[in-house]
Amino acid sequence: MKNGLGPSGGSIDMVLLDHGSGGLASSRLIKEMFLARLSNPILDELEDSAELHLEGIRVAFSTDSYVVDPIFFPGGDIGELAVNGTINDLAMKGAEPVALSLGLILEEGFPGQDLARIMDSVARSARQAGVSVVTGDTKVVPRGKADKIFINTSGLGLLLHDFPLTASRIRPSDLILISGTVGDHGATIMTRREGLGLDGGLSSDTRPLHRMARALVDELGPEVRAFRDPTRGGLATSLVEMAHKAGLSFEIREEAIPVRDEVAQVCEILGLDPLYLANEGKMIAVVSQDAAARALEIMESMPESDGPAVIGRAVERGVVPVVMETAVGGRRAVEMLTGEPLPRIC
Amino acid sequence: MPSLVSSAVFSSSISSMDKMDRRERVRLLASAIERELPNVEGRPVTIMEVCGTHTMSIFRHGLRGLLPPGIKLISGPGCPVCVTSQSQIDAAIALSQLPGITVATFGDMLRVPGSSGLSLAKAKAQGADVRMVYSPFDALALARREPWRKVCFLAVGFETTAPVVAATIRAAARVGLENFTVFSCHKTMPKALETLFSAEDVRVRGLLCPGHVSSIIGEGPYRFLPESYGISCAIAGFEADEILLGILSLLRQMASGRPRVENCYPRAVSPGGNPRAIAEMEAVFKAADALWRGLGNIPGSGLEIRDEFSAYDAASRFDLSPPAPEKRASSCICGQVITGKASPADCRLFSRACTPSDPQGPCMVSSEGACAAWFKYGGVRP
């Protein structure tokens, strides 16, 4: 303690749901609470996973916790998400995932049948992705002290290429690709959670992306500048973060961004923007202009993709990090998510 | 008619329209506006979009950049979260802290700061039972599912939302539900517009009237604006081309010197509005005085629950302190922004002390607030 004051929480007097939304409030929490205390060159990068050099071996290391509600949803469940999510954090560094840890926090009274179903998903997803769960931990808390099941997974992956995949390597004229439709997972969960009966045709996009990422890196090498999986905060937040890190601006075209009709409709009704909805099986790839056509072909050839598209390009730093040409021909800034995505009220 | 349902109906008829077609229409309308503007005397021509949904759509589509510099768009008092008085916000927060009470409301209301700095979201983090719902019927369902909770629906909104809330109250009355109440903060639009335009320093010459409120009340309630105040009015939909069509109509009215109410949204708005929705609203609510943020007390501009439904009126079941004079906790100028006297960028707090993740006033909280729109989509001057 200094000057008789308590430890500094910066501007945060209380943790709110906003702080977990992956947007501006989350980055403030990270900066004021965590970086203020834990800062080091690896953590300060704030990438999807950390890059470590261990006795000449380069590995990627990442951790993520899963608290999704509902735990079962169209297209997947919390177990599948916990495996794919952490694999994708490794994949965004171009890593070959090799091992996962699995930490479970279970609420007293949680049905064995549901747990078995989730663990089957974990096993199946890990097998399909070619990784093993090599260590784990279980805690059970009294009823009401946690909501059914929370999962933490950490992952370790090998970095087989010899250049960093990071937004700071992006150059003006590089092109920005997305591997498929945006907002599927977020729209699925939002409509399920609220029990709106609007979920017809919606399904989560949870899937592992490491094979597609590796295929791009293997063939195109350093022409691939950076990857990002736009999870919480959605495409918009990820693009703003990447542009900031690159010290450049991105220009994107609304018309080029693939959005499923069902997702667009739910967004209309609830007043949401698909650009801010979470994805669990999509990647942003920034590649050199020359490599873009081939990158798109590689994506299209893989089952993980889902209507990939070039959505924009990097340019010299302008007034705002991300500018969008709207579908009707206007121009506007794209900002990070600010707070939980909330419905409009009239 | 529920606002969610009505917007769904509107959008489903729109989404069939080809996207390129819309882009072309926007281009044609923008050039028609540019050609019409020189025929209007006096620059800049100030137009107010009354409704928060218009504000958001204008920003989301980047329409400001498509308009010639001689047109100035300002936001009006049509954001229900923004115009809810500080005393009602404070009363709702106090209510949420009473034992056994569940406050259910629309997501945007959760983060509006009370005068003490607490918000419903912060009260929730401290243990109050506050739930976000998408419709008043969700709150009713909650009350039936959890009969041990006293569920109070915090109702904000205009003529679009009030009929749905009225239907909810009647549904609760039909089954004799005892643990459901409504805290009515509803407001009605025409009297607020009259207050705004009867002031002396009005620069606004044209009014973009809200499509969904108009679908309930029709064209009639706006007629006093051209007749008594010389204000041109256009009822407009919410898509980019529909908004531009409304602006073009306003310029043509001004150029001809004959202000009137033009319905540019006839597929959703009939001249007499929606009599069923009005009847529903009138069965449950009666006009009452209401305190508006930025506009003060406006006689007859609020909706109070009628005596026969007082069992469902939170104001009669709980001690909600009566509207006290508005006190402002900070130097937030939301009140001036709502009335078009200032733009968000004129505020000292804007984008510095006040951001959507740490809002100082409701215009930054609401997804339809002018400050949130400026923050989220502003910053680009093409």
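Here the residue index of a chain counts from 1 through its sequence in written order. Just so you know, chain letters begin at A and ligand numbers begin at 1, following the order they were written in. Predicted model: local features are reported for residues with pLDDT of at least 70 only, side-chain atom pairs are reported and counted for 80 or more only, and whole-chain, interface and lining totals are derived from all residues.

J.: Can you walk me through the packing of helix H7 (residues 136-145) of chain B against helix H8 (residues 162-175) of chain B in this structure?
T.: Packed helices, taken two at a time, are described by their axes: the angle between them and the distance between them. Residues and elements named next belong to chain B. Fitting a line to C-alpha atoms yields each axis, with helices limited to the stretch in contact; the angle taken between N-to-C directions then spans 0 to 180 degrees. Labels follow the DSSP assignment, with helices taken as runs of H or I lasting at least four residues and strands as runs of E lasting at least two, numbered in each case from the N terminus. Put simply, H7 and H8 touch, their axes get as near as 9 Å, and they point 20° apart. The angle between the axes of H7 and H8 places the two elements in the roughly parallel class. Between H7 and H8 lies a crossing of right-handed hand. Contacts between H7 and H8 involve Pro136, Phe137 and Leu140 from the former and Val164, Val165, Thr168, Ala171 and Ala172 from the latter. Its residues assigned to classes, the contact of H7 with H8 comprises seven nonpolar, one polar and no charged. Note that the term roughly parallel is reserved for angles under 35 degrees, roughly antiparallel for angles over 145, roughly perpendicular for angles of 65 to 115, and oblique for everything else. By convention, the crossing between two helices is left-handed when the near helix turns anticlockwise from the far helix through less than a right angle, and right-handed when the turn is clockwise. Residues are defined as contacting one another if the C-beta atoms placed from their backbone atoms lie within 7 Å. Three residue categories are used. Nonpolar comprises Ala, Val, Leu, Ile, Met, Phe, Trp, Tyr, Cys and Pro, charged comprises Asp, Glu, Lys and Arg, and polar comprises the others, including Gly.

J.: Looking at this structure, how should I read the sheet that holds strand S6 (residues 132-141) of chain A?
T.: One key point about sheets: their strands pair by backbone hydrogen bonds, in either a parallel or an antiparallel sense. Residue and element names in this part refer to chain A. Any two strands are treated as partners once DSSP identifies two or more bridges connecting them. Read from one edge to the other, the open sheet built from five strands follows the order S1-S2-S7-S5-S6, with strand pairing classed as mixed. Both outer strands of the open sheet, strand S1 (50-54) and S6, are each paired with one neighbouring strand and no more. Ignoring strand direction, the axes of neighbouring strands in this sheet form an average angle of 20°. Examined bridge by bridge, strand S2 (residues 57-66) and strand S7 (residues 149-158) share eight bridges and lie antiparallel to one another.

J.: Hey, could you run me through the domain arrangement of chain B in this one?
T.: The accessible area lost on association of the parts is a frequent measure of interface size. Residue and element names in this part refer to chain B. Domain segmentation is taken from an automatic or database assignment of domains. Domain boundaries in chain B define domain 1 (3-81 + 205-263), domain 2 (85-188 + 286-317) and domain 3 (334-376). On the domain 3 side, the residues contacting the 12 residues of domain 1 number 13 residues. Counting residues per element, the ones that place at least two in the side of domain 1 that touches domain 3 are helix H3 (52-60) and strand S2 (71-78). No other element matches the five residues that H3 contributes to the side of domain 1 that touches domain 3. Across the side of domain 1 that touches domain 3, the residue classes tally to seven nonpolar, five polar and no charged.

J.: Help me understand the nonpolar core, please; the structure alone is not making it clear to me.
T.: The tendency in soluble globular proteins is for nonpolar side chains to be buried side by side. A set of buried residues qualifies as a nonpolar core if it consists of Ala, Val, Leu, Ile, Met, Phe, Trp, Tyr and Cys joined through C-beta atoms within 7 Å. Field definition: a residue is buried when 20 or more other C-beta atoms are found within 10 Å of its C-beta, exposed when 12 or fewer are, and partly exposed for counts in between, with C-beta atoms placed from the backbone. Leu177 and Leu239 of chain A are the most contacted members of the largest nonpolar core, which has 215 residues in total. Setting aside anything within four residues of it in sequence, one finds Leu177 of chain A in contact with Ala285, Val287, Ala292, Ala295, Leu296, Met299, Pro308, Ala309, Val310 and Ile311 of chain A.

J.: Looking at this model, I keep getting lost on the pairing of strand S8 (residues 175-178) of chain A. Mind explaining?
T.: The side chains of a regular strand alternate between both faces of the sheet. All names here are of chain A. In S8, alternate side chains face the same way, and those of Leu175 and Leu177 on one face and Ile176 and Ile178 on the other are all buried. Note that S8 and strand S12 (residues 309-315) share four bridges and pair antiparallel. Looking at S12, one finds that Ile176 is bridged to Gly312.

J.: It is not clear to me how the domain arrangement of chain A should be interpreted in this structure. Could you clarify?
T.: Residues and elements named next belong to chain A. When the domains of chain A are assigned, the result is domain 1 (47-158) and domain 2 (167-333). Computed over C-alpha atoms, the centres of domain 1 and domain 2 are 23 Å apart. Facing 21 residues of domain 1, the contacting portion of domain 2 comprises 23 residues. If one sorts the elements of the side of domain 1 that touches domain 2 by residue count, helix H2 (residues 78-91) sits on top with eight residues.

J.: Would you take a moment to explain the pairing of strand S13 (residues 322-325) of chain A for this structure?
T.: Residues and elements named next belong to chain A. For strand S10 (residues 249-253) and S13, the ladder comprises four bridges, and the chain directions are parallel. Its bridge partner lying in S13, Ile252 is registered against Met324. Summarising the sheet, S13 and strand S14 (residues 331-333) pair through three bridges and their orientation is antiparallel. In the strand pairing of S14, Met324 is matched with Arg332.

J.: What should I look at first to understand the confidence of the model for chain B in this one?
T.: The predicted coordinates of low-pLDDT regions are not to be read in fine detail. Residue and element names in this part refer to chain B. Within chain B, residue pLDDT values average 88, and 92% of them lie at 70 or more. Scored below 50 in pLDDT, residues 1-17 makes 27 contacts in the model with residues more than four places away or belonging to other chains. We note a pTM of 0.85 for the whole complex and an ipTM of 0.77 for its interfaces. Confidence per residue, as judged by the predictor, is encoded in pLDDT with a range of 0 to 100.

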